[in-house]
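Chain by chain, the residues run as shown.
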Amino acid sequence: SPSPALPEIPPAELDLTFSFDTIMGFSKFSEPQAEKVQKRASNVMKLTQENEKLKEELRAMTARLEAAERKRQELASRFPKQQQNNTAQSNRS
């Protein structure tokens, strides 16, 4: 059976095309506050990249798992008698 649907993580909608210097130039932030904002934005970008990487790894793992399950079902349908014999033998032991 197909694996249960995984929840979709919404894509990050970050528009960091403005430089922080430009943004800070128009704001009333003090230097320490500006550094905190810049650091936070940098952390958000790193986390977004990590999230994308993890989502890609999850997609690859799901694909491998589904392929293995298809192969298992294919083998089970090819050799149903052999599996029943093995089960009967192991039940006798």
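Counting from 1, residues in each chain are numbered in the order their sequence is written. Only residues with pLDDT of at least 70 get local features here, since the model is predicted, and only at 80 or more are side-chain atom pairs given and counted; chain-wide, interface and lining totals rely on the full set of residues. Calculation of side-chain values draws on the structure's entire complement of heavy atoms; hydrogens and water are dropped beforehand.

### What about the overall build of the protein?
- When helices and strands are tallied, the protein shows three helices and zero strands.
- Under the DSSP-based scheme used, a helix requires at least four consecutive residues in state H or I and a strand at least two consecutive residues in state E, with every element numbered from the N terminus. Its helices and strands in sequence order give the protein the pattern α-α-α, from N to C terminus.
- For the protein, the residues scored as buried account for 9% of the 93 residues in total.
- With residues, only the protein chains shown are counted as cover, and all accessible areas are computed by Shrake-Rupley using a 1.4 Å probe. Carbon and sulfur atoms make up 57% of the accessible area of the protein, which totals about 8500 Å². Exposure categories follow from relative accessible area, calculated using a 1.4 Å probe and restricted to protein chains: below 20% of the type maximum is buried, above 50% is exposed, and the middle band is partly exposed.

### A look at the pattern of salt bridges
- One speaks of a salt bridge when a side-chain nitrogen belonging to Lys or Arg is within 4 Å of a carboxyl oxygen belonging to Asp or Glu. Tallied over the entire structure, the rule returns four salt bridges.
- We note a salt bridge from E52 to K55, for which the minimum N-O separation is 3.4 Å. Taken together, the residues E52 and K55, both in helix 2 (residues 31–78) and three residues apart, mark about one turn of the helix.
- The class for E52 is partly exposed, based on a relative accessible area of 35%.
- Judged by its relative accessible area of 12%, K55 is buried.
- Where E56 meets R59, a salt bridge forms, and the shortest distance between an N and an O atom there is 3.0 Å. With a gap of three residues between them, E56 and R59 both fall in helix 2, about one helical turn apart.
- Relative accessible area serves as the criterion here: at 44%, R59 is assigned to the partly exposed category.

### Points about helix 2
- To estimate the expected span of a helix, count its residues, drop one, and scale the result by 1.5 Å. In this model, helix 2 (48 residues) spans 70 Å end to end at C-alpha, consistent with the 70 Å of a helix rising 1.5 Å per residue.
- Buried residues of helix 2: A34, A41, T48, K55, T62 and A76, and no others.

### Examining the confidence of the model for the protein
- Values of pLDDT, ranging from 0 to 100, describe the predictor's confidence in every residue of the model. Scored by pLDDT, the protein has a mean of 78; 59% of the residues are at 70 or more.
- Ranking the elements of the protein by mean pLDDT puts helix 1 (residues 20–25) last, at 60, and helix 2 first, at 93.

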